[in-house]
Amino acid sequence: MIILGIETSCDETGIAVVEKKTDNSLHLLSNIVASSLSKHAKTGGIIPEVAAREQVKVILPVLAEALKEGLSYELGEKNPPSIDAIAVTYGPGLIGSLLVGVETAKTLSLLWKKSLIPINHMHGHFYANWIEHDNISLPAIILIVSGGHTDLLLMKNHKDISVIGGTRDDAAGEAFDKIGRLLNLPYPAGPIIAHLAESGDPQKFLFPRPMLSSDNFDFSFSGLKTSVFNFIKKNRWDFTDETFVQAHKKLQNDLAASVQEAIIDVLVKKTILAAKKYNVNSIILGGGVSANKRLRSQLSHEIKNLNLEAVVYAPSPQLCTDNGAMIAAAGFFAAPVLWKSVTADPELSYYRE
Ligand code: KG4
Ligand code: ZN
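Cut-offs used in this document
Residues numbered from 1 in each chain as written. Chains lettered and ligands numbered in written order. Predicted model: local features only at pLDDT ≥ 70, side-chain atom pairs only at ≥ 80, totals over all residues. Heavy atoms only, no water. Near = heavy atom within 4 Å. Polar contact = N/O pair within 3.5 Å; in protein donor to acceptor, adjacent residues only side chain to side chain. 1 Å grid on protein atoms, 1.4 Å probe; cavity = no way out; pocket = protein on both sides within 12 Å on 5 of 7 lines; lining within 4 Å. Sits in = over half its atoms within 2 Å of the grid points. Helix = DSSP H or I, 4+ residues; strand = E, 2+ residues; numbered from the N terminus. Buried < 20%, exposed > 50% of the residue type's maximum accessible area, 1.4 Å probe, protein only. Pairing = 2+ DSSP bridges. Disulfide = S-S within 2.5 Å. Points joined across faces, edges and corners; volume = space filled by probe spheres on them. Contact = heavy atoms within 4.5 Å.

Glancing now at the site of ligand 1. Taken together, 19 residues form the shell around ligand 1, and within it Gly 147, Asp 177, Gly 190, Gly 288 and Asn 292 come nearest. In this structure, an oxygen atom belonging to ligand 1 sits 2.8 Å away from a main-chain N or O atom of Gly 147. For ligand 1, an oxygen atom lies 3.1 Å from a polar atom in the backbone of Gly 190. Placement of ligand 1 is best described as lying within the largest pocket. Listing elements by their share of the shell around ligand 1, those giving two or more residues are helix H3 (121-127), helix H5 (172-182) and helix H6 (190-197).

Put into structure tokens, the structure is as follows:
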């Protein structure tokens, strides 16, 4: 079975062709991603109107490339490509961006007479793991960490997935990005902070670990941002001054490492608390922040320390951020619907299928 996956919920236009072999393993035939991220770097965040216009511009070229690379199919050929279904993200996300993917998918479904599978973007983030591993044992705890989400889910089986905790304010990626602004780093700051942190001392500055000891699976990151802001102000450090930055490289590295450690500490502790409580076989990561090497290594390290049996899964870095392959992968676990019934839903929650 072959699924064409379409993802346009934010600033990435991702289209992929994924095949499920008879042994149930998934294979990437193509996975093309175009991003308007560079257009948002200077503004410190995504401008929805700019993201939507870029989606419109690139969706057909990305589609053409994905079909050519995956199936040697030329867009515009008389016969439809040899796919079985089209899976598309219908929420949550930015409405202008979502509409581009949803309307394209509906049109192709109608034109090629292929079934249409609506996919929740957040489900795509964790199903990305099934592209590289076909024997993930359930139940599992899922940690979704992206620019807009920090959620802990309990997955008993593919039909029974429940949210057990989440952030009360900023998401983990948002915390990286907002603190990055305090260090005058471009958006998205997460990967840059991770890179700077590699040469820094994570114990140099002790920033707060909000809700670390609370007896639930919720997170809160806005206090950390305020604490870093006050600390920089108190010391009169000016990261907008290039001469200051050049003279204080070590300080920047130590700050990045200490901030990263504070965020990761909470993510790791809460995830392990949940894994123990529900006695799961697997811990599954998903979302942009799950590309963070320190998060992956600290989680595995703690699991080993505690002698837990759970196996940790995280997608390859290119499958952590938004892409069409994760949507196609989720499509193999969801049901097709009538094309007419699919509408973009920017506020879609985990529960509504
Ligand atoms: O999942 P994603 O691509 O988009 C959303 O759906 O939000 O996640 C983007 C987020 C950004 O906040 C970015 O700073 C963060 O993921 N991010 C990272 C890393 N790579 C991306 N944060 C920390 N470490 C990284 N290596
Ligand atoms: Zn995402």
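Still to come is the rest of the account.
Looking now at the pairing of strand E7 (residues 150-157). Counting buried positions along E7 yields 6 of 8 residues, so the element is predominantly enclosed. Pairing analysis gives 6 bridges linking E7 to strand E8 (residues 160-166), with the strands arranged antiparallel. Counterpart to Met 155 in the pairing with E8 is Ile 161.

Right, let's talk about the state of the cysteines for a bit. Following the criterion strictly, the structure yields 0 disulfides and no others. Between Cys 10, a free cysteine, and Cys 320, which holds the nearest cysteine sulfur, the sulfur-to-sulfur gap is 16 Å.

A probe as big as a water molecule, rolled over the atoms, marks out the empty space that is left. Taken as a whole, the largest pocket encloses approximately 1300 Å³ of empty space. Around the largest pocket sit 50 residues that line it, and Ser 146, Gly 147, Gly 148, Asp 177 and Tyr 187 are the ones nearest its centre. Broken down by secondary-structure element, the contributors of at least two residues to the lining of the largest pocket are H3, H5, H6, helix H9 (249-277) and helix H10 (293-305). With 6 residues, the top contributor of residues to the lining of the largest pocket is H5.

What follows is about the environment of Ser 72. In this fold, Ser 72 is placed in the loop between helix H1 (48-71) and strand E4 (85-91). Ser 72 gets classed as exposed once you look at its relative accessible area, which sits at 63%. In the structure, Ser 72 is positioned 181 residues away from Asn 253 in sequence and 46 Å away in space, judged by C-alpha atoms. Excluding residues that lie within four positions of it along the chain, Ser 72 makes contacts with Leu 67 and Glu 77.

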